[in-house]
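Residue strings, one per chain:
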Amino acid sequence: MIQTPSRPDVDSLPTPPEVPTHSPEMPLAIDDLTVAYHNKPVLWDIDLDIPEGKLVGIVGPNGAGKSTLMKACLDLVPKASGRVMVYGKPYKRQRSLVGYVPQRESVDWDYPISALDVVTMGTYGRIGLFRPVRKLHRDTAMNALEHVGIGHLAKRQISQLSGGQQQRVFLARALAQDARLYFMDEPFAAVDASTERAIIDLLHELKDQGKTCLVVHHDLSTVAQYFDWVVLLNMRVVKAGPTEDVFTRENLHATYGGRLALLEEAGQALRDAGR
Amino acid sequence: MAMRPLLAITVLGLSSVLSAAEGGFFHFPDASELWEVLTLRNYNTRLVVGSTSLLGLASGVIGSFLLLRKRSLMGDTLSHACLPGICIMYLVMTGLGGSGKSLPGLLFGATVTGLLGVWLVMLIRNTTRMKDDSAMGIILSVFYGFGVVLLSVIKGLPDSSAAGLESYIYGKVGSMVLQDFFLIASVTGVVLVASCFLLKEFTLLCFDDAYAGILGWNTHVLDLVLLALVTAVTVIGLQAVGLILIIAFLITPAAAARFWTDDLRIMLFLAGAIGGFSGWFGSSISALTPRLSAGALIVLMAALVFLFSMFFGKTRGVVVRLRSQRRLHRKVGRQHLLRALYELLEEQAGDRFGEFPSNAPVRISSLQAKRSWTPGRLRRLIRQAQKEDHLERSGGETVQLSEPGFGEAARTTRNHRLWETYLITHADVAPQHVDRDADRVEHVLGPELVRQLEEKLARDGKPLVSLPSPHLITPGGAGI
């Protein structure tokens, strides 16, 4: 496959015919991605194109490699093969367009820092190395905190926040990054109902601004309700596409195959979703 | 927090003070000597006190990042792995016919093997499934053991002047010269400037290194910069504090500072101050009592500050925590007493739903039957409530709620029942279990939460004026 040259005027050119699969507008295009831990593959030959302005749920059983897929896209785990393009260019050159909300347990919340300080980290990429944080950046962070409804907790040390509030802090940090493509790793895990509501509102708001969100999601019963695009993953992409086409009984069977309890859950989810 | 290593370090420090003191008793300084040291009259004292204070400042600041990066033991590996380098460089330099004790040469050797040790730890961690702590334990002891072997080889050499090398193990400030002071001062300067310019980088690296990678930062390089700064402080500290104790100097001020604040910037400032103070004070004492090892005294000073902070630290000290626990315990006791009284009044008033019971004296014996209190505990609770003006003792065996006490009792009871009702209707808790669960939470219900509960229950059409208990009130039903 021929990589498009990196001249600044390349975006205005029509898509070269040698690259039939991805248009440059595609927020995320993954080619032949394989990831292995200790020589054991966890992701096989992932090919995925994500269209712009969609809320994309990444769904699959435990150990299916959902988080690993995100981390491999973001260069946080090494790729055995494959490449990841963001808006038509390699991810490395498009970092400023990509926001990330890691799993909440990935950091030590007993860290001497306030909620506002964490959110301000979202602007560090723009500030650049060695330069100090200015009022402008703190204001941006404050706006993001208010946006997720916890502006009044800005000064609070992060271990004194509830689980849902901590999740909101991470979301606010990603907002402060002002990206066009967001990766969110289980933002709905163990949050209270009001936080879940707030996250959904936020996702729709981002979608309305033409932004794209990839969300690792566990709760099958809410998939159809929350996402308009679904990636069914189990070490490989079982199916990916619009929710109404892809989120079907047969595809869930294929994804969760062999695990009876989960299959029951999936069936229940389908009934709940009114299909 | 890393309590056990700190304890071990304190014991080590003590034992090395004692080993230095053996063979002679403490020499108690008189006033003129004290004056001389405190005013830094003596040139040598000035040099030593200045050097150790600066060293403390630098190690406090950079040690904070080391602590937050959870790499405390890495510093220990680093310092122990310095010993073979010192010995090898000594052998090489004497072999080449030069003076074996040229300081830059020895420190260069220390840096090389120190970093080699750290690199090996990372290699083991990345290529095998061994955990960090085992890898560090192995490398630390192997390198140190190798250094000790080399040291005894050097001692066995003819016309050896190697006696001074041992001072790098326990530290010896007496041999410091102006050149050393300048070295320490410049490293301190570099550490402080780097910490200022890299404050946000190090903050993020220690909190969430994956996110730092997302922003496009090279976290390996940042980690290397941090490691380089730690190495610099360790190596220049070898002479003053010694390689066994330098880790205490890196970690203890930072750990002590953490008890006082939840703000990283203040923590850095405090850790630097604590380190500097320990260096200054420890070396001053050592100047007064030359038999005591300065390095060990400095570390013990830092340990004293740590112990004090652990107990009295403003944000996370033991005393603060105990006090707030005690306050909650008292509040719980008081609320239980008031609620028991209120419920007794309700029983006396009979089943008149929707009205407040009238205030009347209550027998202590019936109170006693209400909850599983010991007579002593009940007496103490009553005395406490009297002090708070919630209760009056009318006669020998009866008590009566005061006006504010009655209001408080009604409010407490209502909160309890709000919470119970909520648990039963919204959280599917069985009525016979609810009293106990409610007991734990109701004492911490804030006004905002109470308002929300009221709203929620009002929507469900529950009566709220004087809420009846949602379950049968049994005497002695719920203990604390």
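Reading the values: rules and limits
Residues numbered from 1 in each chain as written. Chains lettered and ligands numbered in written order. Predicted model: local features only at pLDDT ≥ 70, side-chain atom pairs only at ≥ 80, totals over all residues. Heavy atoms only, no water. Helix = DSSP H or I, 4+ residues; strand = E, 2+ residues; numbered from the N terminus. Contact = heavy atoms within 4.5 Å. Areas by Shrake-Rupley, 256 points an atom, 1.4 Å probe, with all protein chains shown as cover. pLDDT = per-residue confidence, 0-100. Patch = residues over 30% accessible without salt bridge, like charges linked within 9 Å, V, L, I, M, F, W, Y side chains within 5 Å. Salt bridge = Lys/Arg side-chain N within 4 Å of Asp/Glu carboxyl O. Buried < 20%, exposed > 50% of the residue type's maximum accessible area, 1.4 Å probe, protein only. Pairing = 2+ DSSP bridges. Phe/Tyr/Trp six-rings, centres within 6.5 Å; stacked < 30°, edge-to-face > 60°. Lys NZ or Arg CZ within 6 Å of the ring centre and 35° of its normal. Buried area = accessible area lost by both parts, 1.4 Å probe. Polar contact = N/O pair within 3.5 Å; in protein donor to acceptor, adjacent residues only side chain to side chain. Nonpolar A, V, L, I, M, F, W, Y, C, P; charged D, E, K, R; others polar.

**Regarding the overall build of chain A**
Each helix and strand counted, chain A has ten helices and ten strands in total. Long-range contacts, defined here as pairs at least 24 residues apart, represent 67% of the contacts in chain A between residues at least 6 apart. Total accessible area on chain A stands at roughly 12400 Å², and carbon and sulfur atoms take up 51% of it.

**Considerations on the confidence of the model for chain A**
Parts of the prediction with low pLDDT should not have their coordinates interpreted in detail. Residues and elements named next belong to chain A. Mean pLDDT over chain A works out to 86, with 85% of the residues at or above the 70 mark. Of the regions scoring below 50 in pLDDT, residues 1-13 engages in twelve contacts with residues more than four places distant in sequence or in other chains. This stretch, residues 15-20, has a pLDDT under 50; its non-local contacts, to residues over four places away or in other chains, come to six contacts.

**Considering a nonpolar patch on the surface**
All names here are of chain B. Residues L304, L307, F308, F311, F312, V318 and L322 make up a contiguous nonpolar surface patch of roughly 650 Å² in combined accessible area. Here the element with the most residues in the nonpolar patch is helix α15 (residues 294-312); it accounts for five residues. Examined against the element boundaries, L304 turns out to sit in helix α15. Residue L304 is classed as exposed on the basis of its relative accessible area of 52%.

**Considering the environment of L78 of chain B**
Mapped onto the elements, L78 of chain B comes out in helix α4 (residues 72-80). Beyond its immediate stretch of four places on either side in the chain, L78 of chain B contacts G114, L115, V118, V230, T231 and T234 of chain B.

**Description of the sheet that holds strand β1 (residues 362-363) of chain B**
All names here are of chain B. Across the sheet, three strands lie side by side as β1-β3-β2; this open sheet has antiparallel pairing. Taken across any chain shown, the strands that pair with only one partner, and hence form the sheet edges, are β1 and β2 (391-394). As defined by bridge partners, β1 adjoins strand β3 (residues 398-401) across two bridges and the pair is classed as antiparallel. Following the sheet pairing, V362 is matched in β3 by V399.

**A short note on the packing of aromatic side chains**
As enumerated under the stated definition, the model contains 16 aromatic pairs over all chains in all. When the centroid spacing of 5.2 Å and the interplanar angle of 50 degrees are considered together, the rings of Y111 of chain A and F207 of chain B count as tilted. Taken as a pair, Y111 of chain A in the loop between β6 (98-101) and α2 (115-120) and F207 of chain B in helix α10 (residues 199-207) lie in two separate chains rather than in one. Both residues of the pair, Y111 of chain A and F207 of chain B, count as buried. By way of ring pairs, the aromatic residues W109, Y111 and F170 of chain A together with F207 of chain B are connected into one cluster. One Lys or Arg, R173 of chain A, reaches over the ring of Y211 of chain B and ends 3.4 Å from the middle of that ring. R180 of chain A extends its terminal NZ or CZ atom over the ring of Y87 of chain A, reaching a point 4.1 Å from the ring centre.

**A look at the interface of chain A and chain B**
If you look at the interface, chain A gives 32 residues, while chain B gives 27 residues. Counting each side, the surface lost to burial between chain A and chain B is near 2500 Å², with a carbon and sulfur contribution of 61%. Between D110 of chain A and R316 of chain B there is a salt bridge, with the nearest N and O atoms lying 2.3 Å from each other. Applying the counting criterion to the chain A and chain B interface returns twelve residue pairs in polar contact (both at pLDDT 80 or more). Mapped by element, the contributors of at least two residues to the side of chain A that touches chain B are β6, α2, α3 (124-127) and α5 (163-177) of chain A. Taken together, the residues that form the side of chain A that touches chain B break down as 19 nonpolar, seven polar and six charged.

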